[in-house]
Amino acid sequence: MQASRVVIVGTGGTIAGVAGRADDLVDYRAGTLDAADLVAAVPTLAGQPLETETLARLDSSDMDHATWLALHARLVALMQRAELAGVVVTHGTDTLEETAYFLHRTLAAPRPVVLTAAMRPATALSPDGPRNLADAVAVARTPGAGGVVVAFGGRVLAGHEVRKVHGFALDAFSTGDAGPIAVSEQGALRLLRGWPQAPLHAAATRLSAAHAAGAAAALPWPRVDIVTSHAGADGRVIDALLAAGAQGIVVAGTGNGSVHAALDAAARRALAAGVRVVRASRCQLGGVVGERADALPSYGVLTAAQARVELLLDLLAAA
Ligand code: SIN
């Protein structure tokens, strides 16, 4: 029989946010409600085989490595439960792309791990969270689904491709040229392409071993920062990061990852000092295409935020 039980893990965000007035979409407290409160607000989920747990109550702009580790450990355990159809993680939109990318690279997900979120607090006149949560549960129950995905605004997006492209609009996420995996229509999913396969990063083994040994809190998270190239840039930020002990730096370049000459010179000083430096693009879509022979290396299509996670994992695997 097809599994239908879904666990909903709350981590906070606007989806769990509460404002003083129903018409206030800005001044609210994110991460106020529990996962059980979110489910209770969706009539169509009543009576369904769901479990809820609240792992964190963060505004995701405050997401940290400790919460990532706790979430990773919890999801590793839930993935072992063969009777589950899948897991839904409610999250803030602000750093959802980083958490989704981190999980995609480190979590074996034979059943779906579906992140969802909202742009409007739960107290809004017409909140988007309830529909997104209902869609996420439906995705988690989809036969044949797997991997880390995001259910948002009626679409299912791959966790390693998603990025937040709007600060306020309901349709805040994009996967650019890749497009959605599926669209949600009248409660049914129309699949447009395959579910994401997770080529796990070498650091995944390190994370699993650390969980098993109860030593995850002692993992030596490297220091990786993002520096943006812009008109009038100089090398002082990178020099300061070097002095602060940076181990990795992502330079969010202009256009196709081009970097101001003064910043580029500082990046090369950092490279010479043994710091890993990679380029990304500060453009929301497109990433860095091709590699000029004399340019700093890049991770191609990854956003600067995703590139930071990839570099963190590279350094963690090598530590
Ligand atoms: C957050 O990221 O936790 C706040 C913003 C949001 O969820 O839209």
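Just above sits the structure.
Residues numbered from 1 in each chain as written. Predicted model: local features only at pLDDT ≥ 70, side-chain atom pairs only at ≥ 80, totals over all residues. Heavy atoms only, no water.

(A) Representation of the packing of aromatic side chains in the model. With the rule as written, the count across this model stands at 3 aromatic pairs. Residues phenylalanine 102 and tryptophan 221 carry aromatic rings whose centres are separated by 6.3 Å and whose planes lie at 50 degrees to one another, so their mutual orientation is tilted. Placement of phenylalanine 102 in helix H3 (residues 96–106) and of tryptophan 221 in the loop between helix H5 (203–212) and strand S13 (224–228) is noted, with a sequence separation of 119 residues between them. Comparing phenylalanine 102 with tryptophan 221 shows no difference in burial state: the two are buried. With 4.8 Å between their ring centres and 70 degrees between their planes, phenylalanine 152 and phenylalanine 173 make a pair best called edge-to-face. One end of the pair, phenylalanine 152, is in strand S7 (residues 148–152); the other, phenylalanine 173, is in strand S10 (residues 173–174), with 21 residues separating them in the sequence. For phenylalanine 152, a relative accessible area of 3% gives the class buried. An aromatic cluster of three or more residues is present, and its members are Trp68, Phe102 and Trp221. (Phe/Tyr/Trp six-rings, centres within 6.5 Å; stacked < 30°, edge-to-face > 60°. Helix = DSSP H or I, 4+ residues; strand = E, 2+ residues; numbered from the N terminus. Buried < 20%, exposed > 50% of the residue type's maximum accessible area, 1.4 Å probe, protein only.)

(B) Inspection of the site of the ligand at higher detail. Neighbouring residues of the ligand: Gly13, Thr14, Asp59, Ser60, Gly92, Thr93, Asp94 and Ala118. Taking threonine 14, its side chain carries an N or O atom lying 2.9 Å from an oxygen atom of the ligand. In the environment of the ligand, an oxygen atom lies 2.5 Å from a nitrogen or oxygen atom belonging to the side chain of threonine 93. Relative to its unbound accessible area of 250 Å², the ligand is 95% covered by the protein chains. Partitioned by chemical class, the residues of the shell around the ligand number 1 nonpolar, 5 polar and 2 charged. (Near = heavy atom within 4 Å. Polar contact = N/O pair within 3.5 Å; in protein donor to acceptor, adjacent residues only side chain to side chain. Areas by Shrake-Rupley, 256 points an atom, 1.4 Å probe, with all protein chains shown as cover. Nonpolar A, V, L, I, M, F, W, Y, C, P; charged D, E, K, R; others polar.)

(C) Spotlight on helix H8 (residues 304–318). For H8, built from 15 residues, the straight-helix expectation of 21 Å at 1.5 Å per residue is met to within 8% by its first-to-last C-alpha distance of 21 Å. Within H8, 13 of the 15 residues are buried, leaving the element largely enclosed by the surrounding structure. (Expected span 1.5 Å × (residues − 1).)

(D) Structural view of the pattern of salt bridges. Tallied over the entire structure, the rule returns 19 salt bridges. A salt bridge links arginine 81 to glutamate 83; the shortest N-O distance between them is 2.7 Å. Judged by relative accessible area, arginine 81 falls into the partly exposed class, the value being 23%. Residue class for glutamate 83 comes out partly exposed when judged on its relative accessible area of 41%. Salt-bridge contacts for aspartate 171 lead to arginine 155; the nearest nitrogen and oxygen are separated by 3.2 Å. With aspartate 171 in the loop between strand S9 (163–164) and S10 and arginine 155 in strand S8 (residues 155–158), this residue pair connects regions lying 16 residues apart in the sequence. Here the residues in one salt-bridge network are Arg5, Glu51, Arg81 and Glu83, joined through shared partners. (Salt bridge = Lys/Arg side-chain N within 4 Å of Asp/Glu carboxyl O.)

(E) Main features of the sheet that holds S8. Reading across from one edge, S4-S1-S5-S6-S7-S8-S11-S12 is the order of the 8 strands in this open sheet, with mixed pairing throughout. Of all the strands in the sheet, just strand S4 (50–58) and strand S12 (188–191) have a single pairing partner and so form its edges. The average angle at which neighbouring strand axes cross in this sheet is 25 degrees, direction not considered. Two elements, strand S1 (residues 5–12) and S4, share 6 bridges in a ladder whose sense is parallel. (Pairing = 2+ DSSP bridges. Axes fitted to C-alpha atoms, helices over the stretch in contact; angles between N-to-C directions.)

(F) Local environment of the sheet that holds strand S14 (residues 248–253). Taken in spatial order, the 3 strands line up as S13-S14-S15 in an open sheet, and their pairing is parallel. Across the chains shown, the open sheet's two edge strands, defined by having one partner strand only, are S13 and strand S15 (276–281). If you compare each strand with its neighbour and ignore which way they point, the axes differ by 25 degrees on average. Where S13 and S14 come together, 5 bridges link them in parallel fashion. Bridge assignment links aspartate 225 to a residue of S14, and that residue is isoleucine 249. Helix H7 (residues 261–272) rests against S13, S14 and S15 of the sheet, and its axis sits at about 145 degrees to S15. Along the sheet, H8 makes contact with S13, S14 and S15, crossing S14 at roughly 160 degrees. (Contact = heavy atoms within 4.5 Å.)

(G) Local environment of the layout of surface pockets. Of the voids in this model, the largest pocket is the one considered here, and its volume is about 230 Å³. Every residue lining the largest pocket is listed: Tyr101, His160, Glu161, Arg163, Thr175, Gly176, Asp177, Ala178, Leu285, Gly286, Val301 and Leu302. The residue inventory of the lining of the largest pocket, partitioned by class, reads 5 nonpolar, 4 polar and 3 charged. (1 Å grid on protein atoms, 1.4 Å probe; cavity = no way out; pocket = protein on both sides within 12 Å on 5 of 7 lines; lining within 4 Å. Points joined across faces, edges and corners; volume = space filled by probe spheres on them.)

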